[in-house]
Amino acid sequence: MITSARELVKNVESVVSLPSIFTRIDALINNPESNLVDIADVISEDPGLSIRLLKIANSAMFNFPAEIDTITRAITVIGTKQLRDLVLATQVVLVFKSIKQEGLDMPAFWKHCIATGILARVFASLRREPNTEYYYLLGLLHEVGRLVMYMDIPELMAKAVSNSVENNVSLHQSELSVIGFDHAMVGAELMKSWNLPAPMCDAICYHHRPSLSLNYRDDAAIIHVSDLIVNALNLGTSGESDIPQLDEQAWESLELSQFVLSDAIEQLELQYDEAVKLFLEDA
Amino acid sequence: MTMTPIRISHIKPGQVAASDVKDRSGRTLLAAGTELTEKTIKIIKSWGVVEIDVVGEITESEFGSEITEIDPERLHLIELDLSQRFRFLNRSHPFINELFEICLRREALKQEASGDH
(Lines give C-alpha, C1' and ligand atoms only; values in the text may rest on other atoms or scores of the structure.)
Protein backbone atom coordinates (compact mmCIF):
# COMPACT_ATOMS: atom_id res chain seq x y z
CA MET A 1 0.00 0.00 0.00
CA ILE A 2 1.28 3.42 -0.89
CA THR A 3 1.78 5.49 2.20
CA SER A 4 3.55 8.52 0.94
CA ALA A 5 4.00 10.72 -2.08
CA ARG A 6 7.64 9.67 -2.23
CA GLU A 7 6.75 5.98 -2.43
CA LEU A 8 4.27 6.66 -5.17
CA VAL A 9 6.86 8.47 -7.26
CA LYS A 10 9.40 5.69 -6.71
CA ASN A 11 6.87 3.28 -8.12
CA VAL A 12 6.50 5.14 -11.37
CA GLU A 13 10.08 6.33 -11.75
CA SER A 14 10.90 4.08 -14.68
CA VAL A 15 7.73 5.01 -16.55
CA VAL A 16 8.07 8.72 -16.08
CA SER A 17 11.79 9.16 -16.42
CA LEU A 18 12.92 12.43 -17.90
CA PRO A 19 14.52 11.99 -21.32
CA SER A 20 18.30 12.33 -21.15
CA ILE A 21 18.36 15.15 -23.65
CA PHE A 22 17.27 17.52 -20.92
CA THR A 23 20.07 16.50 -18.55
CA ARG A 24 22.62 16.90 -21.32
CA ILE A 25 21.38 20.36 -22.30
CA ASP A 26 21.19 21.39 -18.67
CA ALA A 27 24.79 20.28 -18.12
CA LEU A 28 25.96 22.20 -21.17
CA ILE A 29 24.15 25.35 -20.14
CA ASN A 30 25.69 25.15 -16.67
CA ASN A 31 29.17 24.56 -18.05
CA PRO A 32 30.92 27.89 -18.67
CA GLU A 33 33.21 26.24 -21.21
CA SER A 34 30.49 25.14 -23.58
CA ASN A 35 29.17 27.38 -26.30
CA LEU A 36 25.97 27.89 -28.23
CA VAL A 37 26.99 25.54 -31.02
CA ASP A 38 27.50 22.69 -28.52
CA ILE A 39 24.01 23.22 -27.21
CA ALA A 40 22.54 23.57 -30.69
CA ASP A 41 24.19 20.29 -31.69
CA VAL A 42 22.47 18.39 -28.91
CA ILE A 43 19.14 19.93 -29.74
CA SER A 44 19.56 19.10 -33.41
CA GLU A 45 19.77 15.41 -32.52
CA ASP A 46 16.08 15.58 -31.76
CA PRO A 47 14.23 16.84 -34.84
CA GLY A 48 10.94 17.15 -32.97
CA LEU A 49 12.53 19.32 -30.32
CA SER A 50 14.37 21.40 -32.94
CA ILE A 51 11.22 22.18 -34.84
CA ARG A 52 9.37 22.98 -31.67
CA LEU A 53 12.07 25.36 -30.50
CA LEU A 54 12.12 27.19 -33.79
CA LYS A 55 8.36 27.52 -33.69
CA ILE A 56 8.45 28.91 -30.18
CA ALA A 57 11.26 31.35 -31.01
CA ASN A 58 9.20 32.59 -33.95
CA SER A 59 5.95 32.78 -32.04
CA ALA A 60 4.11 35.71 -30.51
CA MET A 61 5.76 34.80 -27.21
CA PHE A 62 8.99 36.44 -28.29
CA ASN A 63 7.78 38.84 -30.92
CA PHE A 64 11.05 38.91 -32.79
CA PRO A 65 10.90 41.04 -35.96
CA ALA A 66 12.78 38.75 -38.35
CA GLU A 67 12.30 35.04 -38.97
CA ILE A 68 14.51 32.73 -36.92
CA ASP A 69 15.68 29.76 -38.93
CA THR A 70 18.62 28.30 -37.06
CA ILE A 71 18.83 26.66 -33.66
CA THR A 72 21.75 28.86 -32.60
CA ARG A 73 19.72 31.93 -33.47
CA ALA A 74 16.73 30.55 -31.58
CA ILE A 75 18.92 30.02 -28.53
CA THR A 76 20.18 33.59 -28.75
CA VAL A 77 16.67 34.97 -28.94
CA ILE A 78 15.25 32.81 -26.20
CA GLY A 79 18.33 32.91 -23.95
CA THR A 80 19.97 29.85 -22.41
CA LYS A 81 18.20 30.08 -19.07
CA GLN A 82 14.81 30.26 -20.67
CA LEU A 83 15.87 27.66 -23.22
CA ARG A 84 16.52 25.20 -20.44
CA ASP A 85 13.08 25.75 -19.06
CA LEU A 86 11.50 25.40 -22.48
CA VAL A 87 13.31 22.13 -23.19
CA LEU A 88 12.20 20.82 -19.84
CA ALA A 89 8.64 21.80 -20.56
CA THR A 90 8.61 19.98 -23.90
CA GLN A 91 10.18 16.86 -22.43
CA VAL A 92 7.72 16.68 -19.57
CA VAL A 93 4.81 16.98 -21.95
CA LEU A 94 6.32 14.14 -24.02
CA VAL A 95 6.61 11.94 -20.97
CA PHE A 96 2.98 12.28 -20.09
CA LYS A 97 1.41 12.80 -23.46
CA SER A 98 0.93 9.19 -24.33
CA ILE A 99 -0.92 8.43 -21.14
CA LYS A 100 -4.56 7.61 -21.59
CA GLN A 101 -6.27 7.58 -18.26
CA GLU A 102 -9.77 6.62 -17.30
CA GLY A 103 -11.69 9.58 -16.03
CA LEU A 104 -9.15 12.14 -17.15
CA ASP A 105 -9.45 14.25 -20.27
CA MET A 106 -5.80 14.70 -21.25
CA PRO A 107 -6.12 17.57 -23.73
CA ALA A 108 -8.27 19.41 -21.17
CA PHE A 109 -5.68 18.69 -18.51
CA TRP A 110 -2.87 20.19 -20.58
CA LYS A 111 -5.00 23.19 -21.51
CA HIS A 112 -5.41 23.94 -17.82
CA CYS A 113 -1.64 23.64 -17.28
CA ILE A 114 -0.74 25.74 -20.31
CA ALA A 115 -3.20 28.46 -19.31
CA THR A 116 -1.80 28.46 -15.75
CA GLY A 117 1.70 28.75 -17.19
CA ILE A 118 0.81 31.68 -19.42
CA LEU A 119 -0.99 33.53 -16.64
CA ALA A 120 1.85 32.87 -14.20
CA ARG A 121 4.21 34.34 -16.78
CA VAL A 122 1.99 37.41 -17.12
CA PHE A 123 1.93 37.96 -13.35
CA ALA A 124 5.68 37.42 -13.19
CA SER A 125 6.26 40.11 -15.78
CA LEU A 126 3.91 42.47 -13.92
CA ARG A 127 6.12 41.93 -10.91
CA ARG A 128 9.19 42.56 -13.05
CA GLU A 129 10.69 39.08 -12.59
CA PRO A 130 13.72 38.64 -14.89
CA ASN A 131 13.14 35.05 -16.03
CA THR A 132 9.48 34.89 -16.92
CA GLU A 133 9.79 31.55 -18.80
CA TYR A 134 10.49 29.95 -15.44
CA TYR A 135 6.97 30.78 -14.36
CA TYR A 136 5.54 29.32 -17.53
CA LEU A 137 7.38 26.13 -16.70
CA LEU A 138 6.10 26.10 -13.11
CA GLY A 139 2.57 26.59 -14.35
CA LEU A 140 2.94 23.78 -16.86
CA LEU A 141 4.28 21.38 -14.25
CA HIS A 142 2.24 22.31 -11.21
CA GLU A 143 -0.37 19.63 -11.71
CA VAL A 144 1.67 16.64 -13.01
CA GLY A 145 1.41 15.03 -9.60
CA ARG A 146 -2.22 14.37 -10.37
CA LEU A 147 -1.26 12.54 -13.56
CA VAL A 148 1.08 10.32 -11.60
CA MET A 149 -1.70 9.59 -9.12
CA TYR A 150 -4.14 8.69 -11.88
CA MET A 151 -1.53 6.42 -13.41
CA ASP A 152 -0.51 4.55 -10.33
CA ILE A 153 -3.42 4.68 -7.86
CA PRO A 154 -6.49 5.07 -10.07
CA GLU A 155 -8.88 3.35 -7.62
CA LEU A 156 -7.83 5.66 -4.80
CA MET A 157 -8.25 8.65 -7.06
CA ALA A 158 -11.73 7.46 -8.01
CA LYS A 159 -12.49 7.23 -4.29
CA ALA A 160 -11.20 10.75 -3.78
CA VAL A 161 -13.38 12.00 -6.63
CA SER A 162 -16.56 10.45 -5.26
CA ASN A 163 -15.69 11.61 -1.76
CA SER A 164 -15.36 15.19 -2.99
CA VAL A 165 -18.80 15.01 -4.59
CA GLU A 166 -20.47 13.33 -1.60
CA ASN A 167 -18.98 15.58 1.02
CA ASN A 168 -18.93 18.81 -0.95
CA VAL A 169 -15.20 19.43 -0.72
CA SER A 170 -12.63 20.24 -3.36
CA LEU A 171 -10.85 17.32 -5.04
CA HIS A 172 -7.61 18.57 -3.56
CA GLN A 173 -9.02 18.42 -0.01
CA SER A 174 -10.37 15.00 -0.81
CA GLU A 175 -6.95 13.72 -1.88
CA LEU A 176 -5.60 14.69 1.52
CA SER A 177 -8.38 13.08 3.51
CA VAL A 178 -8.82 9.91 1.44
CA ILE A 179 -5.27 9.23 0.27
CA GLY A 180 -3.17 11.03 2.85
CA PHE A 181 -1.22 13.21 0.45
CA ASP A 182 -2.09 15.50 -2.44
CA HIS A 183 -1.01 16.01 -6.03
CA ALA A 184 1.14 18.99 -5.07
CA MET A 185 3.27 16.79 -2.85
CA VAL A 186 3.48 14.09 -5.51
CA GLY A 187 4.47 16.65 -8.10
CA ALA A 188 7.23 17.94 -5.85
CA GLU A 189 8.55 14.43 -5.23
CA LEU A 190 8.61 13.81 -8.96
CA MET A 191 10.59 17.01 -9.54
CA LYS A 192 13.01 15.89 -6.85
CA SER A 193 13.46 12.50 -8.47
CA TRP A 194 14.33 14.33 -11.66
CA ASN A 195 16.96 16.31 -9.80
CA LEU A 196 15.28 19.58 -10.55
CA PRO A 197 16.25 22.52 -8.32
CA ALA A 198 14.71 22.98 -4.88
CA PRO A 199 12.96 26.27 -5.73
CA MET A 200 10.90 24.45 -8.37
CA CYS A 201 10.02 21.54 -6.11
CA ASP A 202 9.06 23.91 -3.35
CA ALA A 203 6.89 26.18 -5.46
CA ILE A 204 4.99 23.16 -6.78
CA CYS A 205 4.70 21.48 -3.40
CA TYR A 206 3.05 24.53 -1.86
CA HIS A 207 0.97 25.83 -4.73
CA HIS A 208 -2.23 25.25 -2.75
CA ARG A 209 -0.88 26.67 0.50
CA PRO A 210 1.84 29.16 -0.44
CA SER A 211 2.02 30.62 3.03
CA LEU A 212 3.50 27.33 4.25
CA SER A 213 6.50 27.61 1.96
CA LEU A 214 9.61 28.74 3.80
CA ASN A 215 11.70 30.16 1.00
CA TYR A 216 9.68 30.26 -2.17
CA ARG A 217 6.44 31.76 -1.03
CA ASP A 218 6.15 34.29 -3.86
CA ASP A 219 6.67 31.73 -6.60
CA ALA A 220 4.16 29.38 -5.02
CA ALA A 221 1.78 32.31 -4.64
CA ILE A 222 2.00 33.18 -8.33
CA ILE A 223 1.14 29.60 -9.30
CA HIS A 224 -1.58 29.43 -6.65
CA VAL A 225 -3.33 32.51 -7.91
CA SER A 226 -2.90 31.62 -11.59
CA ASP A 227 -4.26 28.12 -11.02
CA LEU A 228 -7.28 29.53 -9.21
CA ILE A 229 -8.07 32.03 -11.95
CA VAL A 230 -7.70 29.45 -14.71
CA ASN A 231 -10.11 27.22 -12.82
CA ALA A 232 -12.58 30.08 -12.59
CA LEU A 233 -12.24 30.77 -16.32
CA ASN A 234 -12.83 27.10 -17.12
CA LEU A 235 -9.86 26.82 -19.47
CA GLY A 236 -9.38 23.07 -19.59
CA THR A 237 -9.60 21.17 -16.32
CA SER A 238 -7.24 19.64 -13.81
CA GLY A 239 -9.95 17.53 -12.24
CA GLU A 240 -11.39 20.15 -9.92
CA SER A 241 -14.97 20.92 -10.87
CA ASP A 242 -15.09 23.99 -8.66
CA ILE A 243 -12.69 26.71 -7.73
CA PRO A 244 -10.32 25.87 -4.88
CA GLN A 245 -9.88 28.14 -1.88
CA LEU A 246 -7.75 31.26 -1.98
CA ASP A 247 -4.80 31.66 0.34
CA GLU A 248 -5.49 35.34 1.04
CA GLN A 249 -2.04 35.99 2.43
CA ALA A 250 -0.57 34.70 -0.81
CA TRP A 251 -2.60 37.22 -2.81
CA GLU A 252 -1.52 40.05 -0.48
CA SER A 253 2.13 39.07 -0.82
CA LEU A 254 2.00 39.53 -4.59
CA GLU A 255 1.25 43.22 -4.04
CA LEU A 256 -0.94 43.38 -7.10
CA SER A 257 -4.18 45.28 -7.34
CA GLN A 258 -7.24 43.23 -8.20
CA PHE A 259 -7.70 45.67 -11.07
CA VAL A 260 -4.82 44.11 -13.00
CA LEU A 261 -6.94 41.02 -13.39
CA SER A 262 -8.89 41.94 -16.49
CA ASP A 263 -5.78 42.99 -18.43
CA ALA A 264 -3.91 39.90 -17.24
CA ILE A 265 -6.76 37.67 -18.37
CA GLU A 266 -6.84 39.46 -21.70
CA GLN A 267 -3.12 38.73 -22.11
CA LEU A 268 -3.79 35.11 -21.30
CA GLU A 269 -6.50 34.88 -23.92
CA LEU A 270 -4.25 36.41 -26.57
CA GLN A 271 -1.53 33.80 -26.05
CA TYR A 272 -3.64 30.80 -25.14
CA ASP A 273 -4.77 29.44 -28.50
CA GLU A 274 -1.36 29.54 -30.10
CA ALA A 275 0.32 27.99 -27.07
CA VAL A 276 -2.21 25.16 -26.97
CA LYS A 277 -1.70 24.48 -30.66
CA LEU A 278 2.07 24.40 -30.27
CA PHE A 279 2.05 21.89 -27.45
CA LEU A 280 -0.78 19.64 -28.39
CA GLU A 281 -0.03 19.10 -32.05
CA ASP A 282 1.34 15.71 -33.03
CA ALA A 283 -0.45 14.29 -30.01
CA MET B 1 -17.22 59.53 1.63
CA THR B 2 -16.11 56.30 0.02
CA MET B 3 -12.48 55.29 -0.12
CA THR B 4 -12.70 52.20 -2.31
CA PRO B 5 -10.17 52.49 -5.13
CA ILE B 6 -11.66 52.72 -8.62
CA ARG B 7 -10.03 51.13 -11.64
CA ILE B 8 -8.38 53.71 -13.85
CA SER B 9 -10.51 52.98 -16.92
CA HIS B 10 -13.59 53.99 -14.93
CA ILE B 11 -12.24 57.33 -13.75
CA LYS B 12 -14.04 60.32 -15.22
CA PRO B 13 -12.21 63.59 -15.89
CA GLY B 14 -13.16 66.08 -13.20
CA GLN B 15 -12.99 63.58 -10.36
CA VAL B 16 -10.57 64.41 -7.57
CA ALA B 17 -7.87 62.16 -6.13
CA ALA B 18 -8.73 61.35 -2.51
CA SER B 19 -5.20 60.26 -1.60
CA ASP B 20 -1.71 60.55 -3.09
CA VAL B 21 -1.34 58.62 -6.34
CA LYS B 22 1.84 56.57 -6.28
CA ASP B 23 3.68 54.43 -8.80
CA ARG B 24 4.80 50.84 -8.15
CA SER B 25 7.95 51.91 -6.38
CA GLY B 26 6.04 54.18 -3.99
CA ARG B 27 6.99 57.47 -5.57
CA THR B 28 4.21 60.05 -5.48
CA LEU B 29 2.94 61.05 -8.90
CA LEU B 30 0.01 63.22 -7.85
CA ALA B 31 -0.91 64.77 -4.53
CA ALA B 32 -4.24 64.12 -2.84
CA GLY B 33 -6.79 66.72 -3.85
CA THR B 34 -5.54 67.06 -7.43
CA GLU B 35 -8.23 67.17 -10.09
CA LEU B 36 -7.93 64.34 -12.60
CA THR B 37 -8.03 65.80 -16.08
CA GLU B 38 -8.10 63.64 -19.19
CA LYS B 39 -4.43 64.38 -19.74
CA THR B 40 -3.47 63.57 -16.15
CA ILE B 41 -5.30 60.26 -16.29
CA LYS B 42 -3.46 59.33 -19.48
CA ILE B 43 -0.11 60.16 -17.95
CA ILE B 44 -0.59 58.21 -14.73
CA LYS B 45 -1.92 55.28 -16.74
CA SER B 46 1.35 55.22 -18.65
CA TRP B 47 3.17 54.99 -15.32
CA GLY B 48 1.39 51.71 -14.67
CA VAL B 49 -1.16 52.96 -12.16
CA VAL B 50 -4.28 50.80 -12.27
CA GLU B 51 -6.46 52.24 -9.55
CA ILE B 52 -7.10 55.54 -7.77
CA ASP B 53 -8.99 56.58 -4.65
CA VAL B 54 -11.41 59.27 -5.69
CA VAL B 55 -13.52 61.66 -3.68
CA GLY B 56 -17.23 60.97 -3.76
CA GLU B 57 -19.57 58.01 -4.05
CA ILE B 58 -19.48 55.51 -6.87
CA THR B 59 -22.93 55.61 -8.33
CA GLU B 60 -22.89 53.05 -11.08
CA SER B 61 -21.99 49.36 -11.04
CA GLU B 62 -18.65 48.51 -12.59
CA PHE B 63 -19.89 46.24 -15.33
CA GLY B 64 -23.49 47.31 -15.48
CA SER B 65 -23.32 49.12 -18.78
CA GLU B 66 -21.68 46.24 -20.59
CA ILE B 67 -24.20 43.52 -20.00
CA THR B 68 -27.51 45.30 -20.25
CA GLU B 69 -28.25 43.43 -23.47
CA ILE B 70 -28.60 40.13 -21.66
CA ASP B 71 -31.98 38.84 -20.61
CA PRO B 72 -31.97 39.40 -16.82
CA GLU B 73 -33.37 35.95 -16.16
CA ARG B 74 -30.56 34.31 -18.08
CA LEU B 75 -28.03 36.55 -16.33
CA HIS B 76 -29.46 35.42 -13.03
CA LEU B 77 -29.04 31.77 -14.02
CA ILE B 78 -25.44 32.37 -15.02
CA GLU B 79 -24.89 34.09 -11.70
CA LEU B 80 -26.37 31.18 -9.75
CA ASP B 81 -24.21 28.69 -11.61
CA LEU B 82 -21.13 30.79 -11.04
CA SER B 83 -21.95 31.17 -7.36
CA GLN B 84 -22.01 27.40 -7.09
CA ARG B 85 -18.53 27.17 -8.57
CA PHE B 86 -17.32 29.94 -6.29
CA ARG B 87 -18.84 28.41 -3.17
CA PHE B 88 -15.52 27.62 -1.45
CA LEU B 89 -14.43 31.23 -1.83
CA ASN B 90 -14.92 34.38 0.19
CA ARG B 91 -16.97 36.53 -2.19
CA SER B 92 -16.35 39.75 -0.30
CA HIS B 93 -12.61 39.58 -0.83
CA PRO B 94 -11.74 42.26 -3.44
CA PHE B 95 -9.76 39.86 -5.63
CA ILE B 96 -12.49 37.20 -5.57
CA ASN B 97 -15.17 39.77 -6.16
CA GLU B 98 -13.32 41.14 -9.16
CA LEU B 99 -12.74 37.63 -10.52
CA PHE B 100 -16.41 36.79 -10.08
CA GLU B 101 -17.48 39.90 -11.97
CA ILE B 102 -15.04 39.13 -14.78
CA CYS B 103 -16.26 35.54 -15.08
CA LEU B 104 -19.88 36.67 -15.01
CA ARG B 105 -19.25 39.15 -17.78
CA ARG B 106 -17.28 36.67 -19.87
CA GLU B 107 -19.93 34.00 -19.61
CA ALA B 108 -22.72 36.45 -20.34
CA LEU B 109 -20.95 37.81 -23.40
CA LYS B 110 -20.08 34.32 -24.58
CA GLN B 111 -23.67 33.16 -24.37
CA GLU B 112 -24.86 36.28 -26.10
CA ALA B 113 -22.31 35.82 -28.90
CA SER B 114 -23.24 32.21 -29.51
CA GLY B 115 -26.91 33.10 -29.54
CA ASP B 116 -27.53 30.50 -26.85
CA HIS B 117 -31.13 29.60 -26.21
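Above: the structure in question.
Calculation rules
Sequence order as written defines residue numbering, which begins from 1 separately in each chain. Note on labels: chains are lettered from A, ligands numbered from 1, in written order. Local features in a predicted model are, by the rule used here, given only for residues with pLDDT of at least 70; side-chain atom pairs are given and counted only at 80 or more, and totals for whole chains, interfaces and linings are based on all residues. Only hydrogens and water are set aside; all other atoms, that is, all heavy atoms of the structure, feed into the side-chain values. Helix axes are fitted to C-alpha atoms over the stretch in contact, other axes to C-alpha atoms as well, and angles between N-to-C directions run from 0 to 180 degrees. Runs of H or I in DSSP of at least four residues are treated as helices and runs of E of at least two as strands, each being numbered from the N terminus. Angles are sorted into four bins: roughly parallel if under 35 degrees, roughly antiparallel if over 145, roughly perpendicular if 65 to 115, and oblique for all others. Two helices cross in a left-handed way if the nearer one is turned anticlockwise from the farther one by less than a right angle. They cross in a right-handed way if the turn is clockwise. Note on contacts: a residue pair qualifies if any of its non-hydrogen atoms lie within 4.5 Å across the two residues. Working definition: a ring pair exists when centres of Phe, Tyr or Trp rings (six-membered ring for Trp) sit within 6.5 Å. Plane angles under 30 degrees give stacked, over 60 give edge-to-face, the rest tilted. Exposure categories follow from relative accessible area, calculated using a 1.4 Å probe and restricted to protein chains: below 20% of the type maximum is buried, above 50% is exposed, and the middle band is partly exposed. Two thresholds decide whether a charge sits over a ring: the Lys NZ or Arg CZ must be within 6 Å of the ring centre and within 35 degrees of the ring normal. Polarity classes work like this: nonpolar for Ala, Val, Leu, Ile, Met, Phe, Trp, Tyr, Cys and Pro, charged for Asp, Glu, Lys and Arg, and polar for all others, with Gly in that last group.

Residue and element names in this part refer to chain A. Where helix α7 (residues 106-126) contacts helix α8 (residues 132-141), the two axes come as close as 7 Å, and the packing angle between them is 150°. Between α7 and α8, the interaxial angle falls into the category roughly antiparallel. Remark: the crossing between α7 and α8 carries right-handed chirality. When α7 is examined against α8, the residues W110, C113, I114, T116, G117, I118, A120, R121, A124 and S125 are found in contact with a partner set consisting of T132, E133, Y135, Y136, G139 and L140.

Throughout the structure, instances matching the rule amount to 4 aromatic pairs over all chains. Geometrically, the ring pair formed by F109 of chain A and W110 of chain A is edge-to-face, given 5.4 Å between the ring centres and 80° between the ring planes. Of the two residues examined, F109 of chain A and W110 of chain A, each falls in the buried class. On the numbers, 5.1 Å between centres and 80° between planes, the contact of F86 of chain B with F100 of chain B is edge-to-face. Here F100 of chain B lies in helix α3 (residues 94-113) and F86 of chain B lies in the loop between α2 (72-85) and α3, a separation of 14 residues in the sequence. For the residue pair F86 of chain B and F100 of chain B, the accessibility class agrees, reading buried in each case. Sitting over the ring of F100 of chain B, R91 of chain B keeps its end group 3.5 Å from the ring centre.

Here we come to the packing of α7 of chain A against helix α16 (residues 261-280) of chain A. Residues and elements named next belong to chain A. As a packed pair, α7 and α16 sit with axes 8 Å apart at the nearest point and diverge in direction by 135°. In this view, α7 runs oblique relative to α16, as classed from their interaxial angle. In this structure, α7 meets α16 at a crossing whose hand is right-handed. Along its contact with α7, which presents P107, W110, K111, I114, A115, I118, L119, R121, V122 and F123, the element α16 presents L261, A264, Q267, L268, Q271, Y272, A275, V276, F279 and L280. By residue class, the composition of the contact of α7 with α16 is 16 nonpolar, 2 polar and 2 charged.

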